Amino acid sequence: MTTLRRFPAIGRGLALAVVALSLQACSVDLYTNLDEREANEMVATLLSKGIAAGRVVEKDGKLTVTVDEDQFSQAVTVLNMAGLPKEKFATLGTVFQQEGLVASPVQERAQMIYALSEELSRTVSEIDGVLSARVHVVLPDNDPLQRNAIPASASVFIRHEADLDVNPLIPRIKTLVANSISGLTYEKVSVVPVASQRGSEPAGAAELTSFLGIWMLPASVAKARLIFGCLLGGLVAAVGCLGYLAWRKQSRRRKVYPLQPYGPAK
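Residues numbered from 1 in each chain as written. Predicted model: local features only at pLDDT ≥ 70, side-chain atom pairs only at ≥ 80, totals over all residues. Heavy atoms only, no water.

As for the sheet that holds strand 1 (residues 27-34)
What counts is decided by this rule: Here a strand pair is declared whenever DSSP counts at least two bridges between the two strands. By the criteria applied, helices consist of DSSP H or I runs no shorter than four residues and strands consist of E runs no shorter than two, each listed in order from the N terminus. For helices, the fitted line uses only the C-alpha atoms of the stretch in contact; every axis is such a line through C-alpha atoms, and the angle between N-to-C directions lies from 0 to 180 degrees. Two residues form a contact once any of their heavy atoms are found within 4.5 Å.
As summarised here, the arrangement of the three strands in space is 1-3-2, forming an open sheet in which the pairing is antiparallel. Strands at the two margins of the open sheet, each flanked by one partner only, are strand 1 and strand 2 (53-57). Adjacent strand axes in the sheet meet at a mean angle of 25 degrees when their direction is disregarded. Pairing geometry for strand 1 and strand 3 (residues 63-68), over five bridges, is antiparallel. Opposite Leu34, over in strand 3, you have Leu63 as the bridge partner. Along the sheet face, helix 3 (residues 36-48) touches strand 1, strand 2 and strand 3 and points at about 160 degrees away from the line of strand 2. Its contacts with the sheet place helix 4 (residues 72-81) against strand 1 and strand 3, and it is angled at close to 35 degrees to strand 1.

Some details on helix 6 (residues 105-125)
Selection rule: Multiplying 1.5 Å by the helix residue count minus one yields the expected span of that helix. To sort residues, take the accessible area from a 1.4 Å probe on protein chains only and compare it with the maximum for the residue type: under 20% means buried, over 50% means exposed, and anything in between is partly exposed.
When the terminal C-alpha atoms of helix 6 are compared, their 30 Å separation across 21 residues agrees well with the 30 Å that a helix rising 1.5 Å per residue should span. Ile113, Ala115, Leu116, Ser117, Glu118, Leu120, Ser121, Val124 and Ser125 are the residues of helix 6 that are buried.

Quick word on helix 4
Stated precisely, the cut-off is as follows: Throughout, the arc means that of the directions going from the helix axis to the C-beta atoms.
Here helix 4 has its buried residues at Ala75, Val78, Leu79 and Met81. Angularly, the buried residues of helix 4 cover 155 degrees about the axis, an arc narrow enough to put them on a single face. Lining the buried residues of helix 4 we find strand 1, helix 3, strand 3 and strand 4 (130-138). Immediately downstream of helix 4, the backbone of Gly83 shows phi near 70 degrees, a positive value.

A word on the side chain of Ser196
Selection criterion: Counting of polar contacts relies on pairs of N or O atoms within 3.5 Å, with two restrictions inside protein: one atom must be capable of donating a hydrogen and the other of accepting it, and residues adjacent in sequence are counted only when both atoms are side-chain atoms.
Of note, Ser196 is situated in the loop between strand 6 (189-195) and strand 7 (209-211). Residue class for Ser196 comes out buried when judged on its relative accessible area of 5%. Side chain to side chain, Ser196 and Arg159 meet in a polar contact 3.4 Å long. Excluding residues that lie within four positions of it along the chain, Ser196 makes contacts with Leu131, Arg159, His160 and Ala162.

A few points about the sheet that holds strand 4
Taken in spatial order, the three strands line up as 4-5-6 in an open sheet, and their pairing is mixed. Taken across any chain shown, the strands that pair with only one partner, and hence form the sheet edges, are strand 4 and strand 6. Averaged over all pairs of adjacent strands, the angle between their axes in this sheet comes to 15 degrees, without regard to strand direction. Here strand 4 runs beside strand 5 (residues 153-160); their pairing, made up of eight bridges, is antiparallel. What sits directly across from Ser132, in strand 5, is Arg159. Across the face of the sheet, helix 6 comes into contact with strand 4 and strand 5 while running at roughly 155 degrees to strand 4.

Structural data, given as structure tokens:
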């Protein structure tokens, strides 16, 4: 009777175990070495598309985004459409980190141009609706005594969401780049916007399905039912074995100590 009374509590614990196992079973790493903000953004994007995703905290504090193995390809496509994960850009501090011998003037100039391009690319990519951006800066090495100097120029490539009106952004981007580089004028900055063809699909919220009183993504319900059936079958078998062992033990006691009839002994 005690075992039967505890069965509802065992069932609730079993349901939670099923949910945990269904989320962990057959999951693979999608992206690793992520910070908390980036991992949260990726998981939220995947969940909004109906893809079961989770986070795993590594020993160094970085996070890993995991998905079901059968949804790996779909998850990569969804994140590419959203421009995630964000491209990592070098900073002025990392570019000019002194290592080894003293850099030559030519090397320092190349590092400066590269650092400016990376910094501007990162800034432009932070604009809402811009999925990725690259800024190419050209700073000619003009002779100070030369009368007809070649002016500096820059080209900006941006890949943006299909529903973004990029026309009002182009003058702002040109102004930003021109004011960030000495000797660069507004007219010498060109912007090439390209709309993402795969990003035109509207994002739909994922519908949750209730299983044992717990709301889950539809992709995880079938797996949870299978795991629940296996665990429930094992639990029933364990209860049956315990009941059989208790019956055997009681039968042996009756054989060793037979019941005496009531009444005075004759």
